[in-house]
Protein chains: 4
Amino acid sequence: MLEPTSIESKPITQTESLSTRFQRVRQFTEQLCQTLEPEDCVVQSMPDASPIRWHLAHTTWFFETFLLVPFEPQYSPKHSEYAVLFNSYYNTIGQQFPRSQRGLLSRPTVAEVWKYRQRIDALVISLLERLSGDPELDAVVELGLQHEQQHQELMLTDIKHLFSCNPLFPAFQSSADHVAATRDTRDTHDMKWYSQTEQLSWFGHDCKGFCFDNELPRHQHFVPSFQLAHRLVTNREFLCFIQDGGYQRPELWLSMGWHNVQDQRWKHPLYWHRQADDWLEFTLSGLLPIDWDQPVCHVSYFEADAYARWAGCRLPTEFEWELAAKKQSTSGNFAESMRFQPIADTGPSNGIHQMFGDTWEWTSSAYAAYPGYQPAAGALGEYNGKFMCNQFVLRGGSCATSASHIRKTYRNFFPPDARWQFSGIRLAQ
Amino acid sequence: MLEPTSIESKPITQTESLSTRFQRVRQFTEQLCQTLEPEDCVVQSMPDASPIRWHLAHTTWFFETFLLVPFEPQYSPKHSEYAVLFNSYYNTIGQQFPRSQRGLLSRPTVAEVWKYRQRIDALVISLLERLSGDPELDAVVELGLQHEQQHQELMLTDIKHLFSCNPLFPAFQSSADHVAATRDTRDTHDMKWYSQTEQLSWFGHDCKGFCFDNELPRHQHFVPSFQLAHRLVTNREFLCFIQDGGYQRPELWLSMGWHNVQDQRWKHPLYWHRQADDWLEFTLSGLLPIDWDQPVCHVSYFEADAYARWAGCRLPTEFEWELAAKKQSTSGNFAESMRFQPIADTGPSNGIHQMFGDTWEWTSSAYAAYPGYQPAAGALGEYNGKFMCNQFVLRGGSCATSASHIRKTYRNFFPPDARWQFSGIRLAQ
Amino acid sequence: MLEPTSIESKPITQTESLSTRFQRVRQFTEQLCQTLEPEDCVVQSMPDASPIRWHLAHTTWFFETFLLVPFEPQYSPKHSEYAVLFNSYYNTIGQQFPRSQRGLLSRPTVAEVWKYRQRIDALVISLLERLSGDPELDAVVELGLQHEQQHQELMLTDIKHLFSCNPLFPAFQSSADHVAATRDTRDTHDMKWYSQTEQLSWFGHDCKGFCFDNELPRHQHFVPSFQLAHRLVTNREFLCFIQDGGYQRPELWLSMGWHNVQDQRWKHPLYWHRQADDWLEFTLSGLLPIDWDQPVCHVSYFEADAYARWAGCRLPTEFEWELAAKKQSTSGNFAESMRFQPIADTGPSNGIHQMFGDTWEWTSSAYAAYPGYQPAAGALGEYNGKFMCNQFVLRGGSCATSASHIRKTYRNFFPPDARWQFSGIRLAQ
Amino acid sequence: MLEPTSIESKPITQTESLSTRFQRVRQFTEQLCQTLEPEDCVVQSMPDASPIRWHLAHTTWFFETFLLVPFEPQYSPKHSEYAVLFNSYYNTIGQQFPRSQRGLLSRPTVAEVWKYRQRIDALVISLLERLSGDPELDAVVELGLQHEQQHQELMLTDIKHLFSCNPLFPAFQSSADHVAATRDTRDTHDMKWYSQTEQLSWFGHDCKGFCFDNELPRHQHFVPSFQLAHRLVTNREFLCFIQDGGYQRPELWLSMGWHNVQDQRWKHPLYWHRQADDWLEFTLSGLLPIDWDQPVCHVSYFEADAYARWAGCRLPTEFEWELAAKKQSTSGNFAESMRFQPIADTGPSNGIHQMFGDTWEWTSSAYAAYPGYQPAAGALGEYNGKFMCNQFVLRGGSCATSASHIRKTYRNFFPPDARWQFSGIRLAQ
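## Quick word on the packing of helix α1 (residues 18-32) of chain B against helix α4 (residues 110-131) of chain B
All names here are of chain B. Relative to each other, α1 and α4 sit at 170°, their axes nearing to 10 Å. With respect to α4, the element α1 is oriented roughly antiparallel. For the pair formed by α1 and α4, the contact residues are L18, S19, F22, Q23, R26, T29 and E30 on the first element and W114, R117, D121, V124, I125 and L128 on the second. Considering only residue class, the contact of α1 with α4 consists of 6 nonpolar, 3 polar and 4 charged.

In C-alpha cells, the structure reads:
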C-alpha cells in the first residue's frame, strides 16, 4: 500500500537541470505504480480511459518518436509495432491501434514496457548530456515532460475508474492520511463573493517559460463586472441540491444534460454510493464515508451547470476565472502530497481559496482558439487544436495535478458529460 | 407543382397589424404545403427532422397552449392528447411523445390537423380583435409568429431530406425558375477581403422590435482586427477542396470531424451525387446538375472548418460577422422568392455580398449565453437557453428563411455535424 | 369504419377458376384497406413490419416479376425503379431497398400504387384468359395468390402494430361485432387432454393441390406417445401466470428469453395495458377490456415456453401437432369473418378445438428442412429455405389467416421473440 | 513456451479413483496456464469469451458452491463476494456480475485466484477421502470435473481469440511440433462416402457412466437413408469455395448468414490472414502458413452450411452423425496431445476418419430437448436446458477437447454465428 505521508514528493522546479527534471518526472510516474499489480495495468474500464500499461508505453513512445528519432541520427526504433500500438492520435505519424481496444492488449507485458522505458530513458539522458541547450531539443523535452505529467493525472483518474467498477473496491493507497487530514475541518465557512469591475484586460500566456499552444496568443478580452465565490462548492451543499430533487427537475438542466441524466440514470456524483441511509464515496483509498466539507468532485459540466442554476448562480467564464486568479498564488492541494483527494477549505476567512489544486473548476467557456491561435508545426500541432469542439474549459488543476504542471493560464478541457476527472464547481454571479 | 415565379410572396412587414401578420404567416405555411401529398406529411426521415404534419400541428399547439389557454378564460383544449403529441420539448408544460418516434403517428390525419389549424386560427383572430394591444398578449403572438417562421424553414429542410432518401428523388417544386435564375451568372468574382480594425464594440439586440432572448443583453465585446471574405464559398471552390483530397486528409479536420468523415463516409456535401464523371445535386426541384457558381450548401461545421483550414483561412466569430453586418442591408435571397436554393453572387464588385439569405453561415463561435443572459420566465424560458451546449452559431439566414424573420443580431445554432440545413461557408482571416 | 358482420367474405375455393380466384384474392386485399387513410399506409412502425403501401406494391411486383416478365413476351416494366423499391429479399432478382427503411418512402403515393395494381391486374387477367392451363404459368399464379394471402395477414398484423404505437389508439374497424361475439361465452371448459400413442407416421404434404416447398417431401417421422390440450390457453389462465410472478422468475425462462424479458421489460402480452386495476387489450377495434375467455394472443415463443413450463407442461412439436390435426377439420375463426380477434372456445366438450384459426400455435420445433428438402429452382427458391435458422414453427393459422390459405401441413415460422403476429399457446405433455 | 511433445498428457480414465481424477483434471488446468502472464489472464476479448482468471475462479467456485457448501457442514465461503463475481449464469444461486464486464476486474489477482484454487482443492480432496462413494456427492464431483474440462477447452479458445486481437500475435506455445506433425501429410485423399440405409434407431446415452442431461432420455428416432463424408473438409477445399466467390454469392447462404457476411465483412475463416499472395493462419503457436491438408477450422454454422450448399451437399443431422459414430472408436487428435491444432487426415483409405477430435462438426440440428427431457433438479438444472434456443448441435470434440471428456452421444451447441471454437465441416448428402 502507498503510505502517502511518508512519500510526499518534493515539487519539481524549473531551476533544476532539464536532465534532472526529466529523471524526476519519469520517476514520479514509477512512484504512482508502486501498488499496482500487472493485472491492474492492462484493463481498460471504458473507451475514455486507457490501461496504465498503455500510459507507461505511450509517454515513452512520445520521447522516442519526437526526441530520439529526429535528434539521434543513428537511432532506429527497436519495436516497430509500438508505433501503431502506442501512438495516441497523431495521424501525421501514422495509424493508431483503436483507442477503444487498448484494453485488448495483454502484450507487451508490463515488465516489457518497464524495460522499454528504461532503455529509452537511458538514451534520452545520454542525449541530454550531449545536446541539452539546443532550444529545439529542449522544447521537445519540455513538452514531453508536460505531456508525461498530463498522463500521470490520467493514470490516477483511470485507475480510480477501473477500481470503482470492481465490487471489491480495491484501494490504490492507504487511507490513514485521508482520515487524518479531514478530521479537524468540520466547519465550512459561508460562501463569500469576490467582486471585480468590468475591464478590458489581457489573457493568455506571456511566453516566459513553457506553455501549451492553446494558451496563446496573449490577447485582450473585455470582461463585464462579476462576482466569484471564494471557495469551491462542498459535498454538503451538493447534497442539498440532490435532496431538493436536483436530478429530477428538467428545468435545472441543459437539454443535453437532461438526456444524460435520464439515459445514464445519474442520481449523484460519479463515485457516491448510497447504502441505506449512509452516503459513501469511492476514493483512491477505497470506499469511505463522505466528508461533507470536502469540495464536491467528479461532477460533469452538466451537473455543475445544473447546480449553479439551482443555486441561483452560474459558472464563471474562463476569463473571469483567469482575471481572479491573477492575484492568487498557485499553491494548493496537488499531486505531490500523494493525497489524491480534495480537502476541505481551511484557509483564512478573506481572499479566494482553492483556486489551484483540489478539483478542476468547470467554466462556462467552450474550448476554442484564442484570436490568432496557431497550432504548432508538424505532428505536435495535433496536440491541442484539433479538439476545439464540444468541450468545455476547466481551470486550476486538481489534487491529481502536479504543482509543477499548473499555470494561471492553463486550459484543460473535457466534454460536458465527462465525470471521471477530479472536476468540481466554483460559482459566479 | 409549385411554380415559384408566379407565387412569389410579398414580404411581411412590421407595419401590418398583428392580426394581418398572423394570417399572412399562417397562410405562408399552407402555401408551402401545396405540392405535398398526405403521405409526404407523416414520414420522419431521421430523428433530427420532423414530419410536416407534426410541424403543422406543433405550431398550432403553440398558439393554443401559450395564447388561448392563458388569455381566453373559457378556453379548454378539445384534444387533450395533442398536448403530449405536439409538445416539442417544453418540460414545464408536460410530457412529450418521443421526438424520434414522431414518424410513427399516422393519426391524426393531415386533414384533421388542417381542421385543427383552422379552428385555432379562428379563435386567435377573434382573440386578437378583442385584445390586441395588450403587451403581454402581443408578445406571445409575436413569438408564435417567429416560431412559426422557424418551423417553415424546418419544413423545407425536412421535406428536402425526406425526398432525398427516396430513389425516385421527388421534386417539391418545378425547376424552371431554378435554371433561369442561374443561367447568366457564369462568372464568379475573385474573393476580396473586407478589413476591420480592432475595437471594443456593442453586440446583441437593442430591444427595438422583436428579438429572441438569446440576442440579449446588448453588451460590449472586444474584437481584434480581422478580414472577412466578400462573398460565400462557391461549389466550384469546394470541388477544388474535394479534388485536393480534402475528405481524406485528417490534418485538415477537427478530431471529432474526422471521426464523422470516417464513420459516415462523407465524401462531399450532403446532397451532392456523383454519377460517372458528372456531379448532380438534389434540390427541392429534384436532382439537377450542380451550378458551380452557387454558394456551397448543406455542409456541416466540420466541413466548413476543414475547408477554411485547407484554404489557409478560418471561419469568422459571430462577433466579427455581426460587426461586418452592421453596415449591410438585410436584403437577399430569402424564402419569399420561393426559390429555396442559394444563387450565385452577381452583385457589384465592391462591398460585402450574400451576408443575408442564400445560406446560413457557420461561425467559429460556440453557442453560449451573452454576459447577463436571462431566459424568459416560465415554459417559454425553455426556448433557447437550454440548448447552449455543443452547438455552433450560424448567422444571416438562408434561402429558406423569411426576410421578415431575420435580423443582424439573429443567432441560429446547430450541432457541428448537422448538414441538412441550408448552411454554407464564409471565410475570415 | 369497417362493419365486420356486413362484409363477411365467402371463402375462396379451389373449384373456382384461377382467374376468378385471382380477382377475389386481390379484391380481398383492397377490402382490407377500406378504412385506411393514405397516412396509415406509408408509416413503418418497426423493422419487422412494412408499410401497407409497400405490401400493396410488393405483391403486385411479385406478379409483374414472376408472371408477366417471363410469360408475356412484349412486357417490359413501366417503372424500372419499382424493381428495387418493392423487391423484398430476392437477391437473384437484384438489389433491394433496405427493409428497415421502407418507411422512408412517401412516394410513390398510395393512389399511384393502386393504379399500379389495376394496371398489373388487367394484364394478369388478360394473360390468364389466354394461357391459363399451362402448368408452369398456373403454378406461378397459384404461388402469387398464396403469397398475397400471406401479405394480407401481415397487413393486419402490421397495421395493428402501427396503431398500437399511437397514443390515440386508432381503430381499424368497428367493435360492435367484437362485443357481440364474446358476450355469451363466459364459461371456459377445463383443459382436457387428447392422447396419442407412439408411432412412426408420415408427415408433410401429399402433393395434391398447392403447398409450399417447406412442406415437402412427405417423409416418415417417429413420434413418441404424447398428450395434447384440447383447446388454446386463455387470457384468464395467462393472467394466473402473470399474477404468480411469471415474468419475474428466471427459472421459468429460456436464457435468451429471460434476457428479452429484462431488456424489453416485458410484463404481459404485447397488446395488454394495465390501467389502475383494469386490464385492457389493444385490438383492431381499438382499446377494449380483455375478454378473459379468449385465447391469449400476441405472445412470443419465449412467453409460450415459459408459460408451459410454469404450467408443468411443454409445447408440442410440430409433428405432434400435425398428427393430432390429421383427424380434425380445418374450419375455424379465420380472416373471412372479418373479426380479426381470437374468440373463446364454445365447441362441444369432446374433441380437440381451435386447432385452426384463432391464433397460430407455437411449436417447440425449430424451423428446419424436412429430410430431402429441395428449394424451388431460380429466384423463387429464396421463398422459404433461406430462413431455416433461429426460427420456430407455428401451426394452424389465425383469425387473420384466410381459410383458403391454411393446410394441416402448413408451416409458418417466426423468431422466438416475435410477438406482433396472432400467436398463442397450446400445451402438450 | 510450452513444449508440446515433452508434456503430452496421459488420458484420464474412469478406472482411476475419483480423488485421483479430481487432482489430474485440476492439474491439467494449471498445465494450460504455464505460458500465460498475469496480464493475459484478466483481459476479455469479446462478450462471448471470458478472462482466463475468471475460468480459473469459476471452476473453483463451482466445487465450492455445489460440493463444499452442501456436503461439508462446517464450511462457509471465505470470500462472500466471489459468489457474485464467479457465478456464471445460475439464477437459482443468486446474482451474477455481468458476463460482458468480466474483463473489468483486475482483482482478485491471478495469484489470489491460484490460492483460492489451492484452498478449495485441499478441502475437496479431504472431503473425497472421507465421503467418496456417496452417490450424490460423487455425481457432483463428476459433474464438476466434466465442467472443468469444458472450461479447459474454453480457456484455449478464449486465449486464442485474445491473442489474435493483438497485432503482435503472441504465441501460446512453441510451434516446433506443429510443423513436424504435418510435414508428411501432403496427400489428401478424395472424399469417399459412407452410406447408411434408413432405420428407426435408438439415440442418446444409455446411462452407463456419466452423461449430461441433454443426452437423455435414450429414445427412438427415424433416420432416412443418407451418405456421410469419410473425412472433414480441408483448408484446400475451403479455399476453392473462397476462390469461387463463396463469400460474395447470397444464393449460397442462409438469409441471416448473408447478413453476417456483410455486416462483419467475412471473407474467410476467423483466423485466416491474407498477406499479399500468401495465406497465413493464426494458431496457438502464432501466425503460421496455412497447412492446406488440415481440416478447415473456426468456421461458423453459416459458413459450414454455405460451403455444403456450394459443394452440392448438406450438413448431417445430429442423428445421422450419431448413427455413423456408433461403429467408430472415439480415438483422435485431442487436447492430451497438447497440439491444439487439427491435423491432416492420414488414416487408411477405408472407414470414416476424424469423427472424434480435430474439430467439432456442425450438424444441421437445432439444439433441442430430446422427447421426455427433464433438466436436473435445483440450480444444476440450469446447466443445459435453458440454452435450447437458436443454437446448433456440434458433435465429436476437437483438438482442444480432452479425450476423457467426449462421448458418442455428446452434444455441444453454439449459436450459428460463433467462430471462435474449433469448429469444422463434415458433409452429408
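Now that the structure has been shown, the text picks up again.
## Some details on the relation of the copies chain D and chain A
Least-squares fitting of chain D to chain A yields an RMSD of 0.0 Å, with the transformation described by 0.0 Å of translation along the axis and a rotation of 180°. Read as a symmetry element, the transformation amounts to a two-fold axis. The position closest to the rotation axis in chain D is occupied by the C-alpha of D:E39, lying 2.5 Å away. By residue overlap, the copies meet face to face through one surface: 100% of the interface positions of chain D are interface positions in chain A.

## Considering the state of the cysteines
One pass over the structure, following the stated rule, counts 0 disulfides over all chains. Here B:C399 is not cross-linked by a disulfide; its sulfur's nearest cysteine counterpart is in B:C297, at 5.8 Å.

## A short note on the interface of chain D and chain A
With 28 residues of chain D at the interface, the matching set in chain A holds 28 residues. When the area that chain D buries against chain A is broken down by residue, the three leading residues are D:E39, D:L104 and D:R107, summing to 30%. Across the contact surface, chain D and chain A share 2 salt bridges. Salt-bridge contacts for A:R107 lead to D:D40; the nearest nitrogen and oxygen are separated by 2.5 Å. At the junction of chain D with chain A, the criterion picks out 8 residue pairs in polar contact (both at pLDDT 80 or more). Contributing elements (two or more residues each) for the side of chain D that touches chain A: α4 (110-131) and α5 (135-164) of chain D. Of the residues belonging to the side of chain D that touches chain A, the class tally is 16 nonpolar, 7 polar and 5 charged.

## Quick notes on the nonpolar core
Counting 238 residues, the largest nonpolar core has B:I425 and C:I425 as its most contacted members. When near neighbours in sequence (up to four residues on either side) are disregarded, B:I425 contacts B:L232, B:V233, B:F238, B:V296, B:V299, B:A304, B:Y307, B:L315 and B:T359. Counting 237 residues, the second largest nonpolar core, distinct from the first, contains A:F97, A:F172, D:F210 and D:Y271.

## Focus on unusual backbone geometry
Cis peptide bonds are those with omega within 30 degrees of zero, and the linkage from D:R107 to D:P108 qualifies with -5°. Residue position: D:P108 is located in the loop between α3 (82-85) and α4. Cis geometry marks the peptide bond from D:L216 to D:P217, where omega comes out at -5°. Tracing the chain through its elements places D:P217 in the loop between β2 (199-203) and β3 (219-223). Positioned with a positive phi, A:C207 is a non-glycine residue whose angle comes to about 70°. Positionally, A:C207 belongs in the loop between β2 (199-203) and β3 (219-223).

Rules of the game
Residues numbered from 1 in each chain as written. Chains lettered and ligands numbered in written order. Predicted model: local features only at pLDDT ≥ 70, side-chain atom pairs only at ≥ 80, totals over all residues. Heavy atoms only, no water. Axes fitted to C-alpha atoms, helices over the stretch in contact; angles between N-to-C directions. Helix = DSSP H or I, 4+ residues; strand = E, 2+ residues; numbered from the N terminus. Parallel < 35°, antiparallel > 145°, perpendicular 65-115°, else oblique. Contact = heavy atoms within 4.5 Å. Nonpolar A, V, L, I, M, F, W, Y, C, P; charged D, E, K, R; others polar. Least-squares fit on C-alpha atoms with pLDDT ≥ 70 in both. Disulfide = S-S within 2.5 Å. Buried area = accessible area lost by both parts, 1.4 Å probe. Salt bridge = Lys/Arg side-chain N within 4 Å of Asp/Glu carboxyl O. Polar contact = N/O pair within 3.5 Å; in protein donor to acceptor, adjacent residues only side chain to side chain. Core = buried A, V, L, I, M, F, W, Y, C linked by side-chain atoms within 4.5 Å. Buried < 20%, exposed > 50% of the residue type's maximum accessible area, 1.4 Å probe, protein only.

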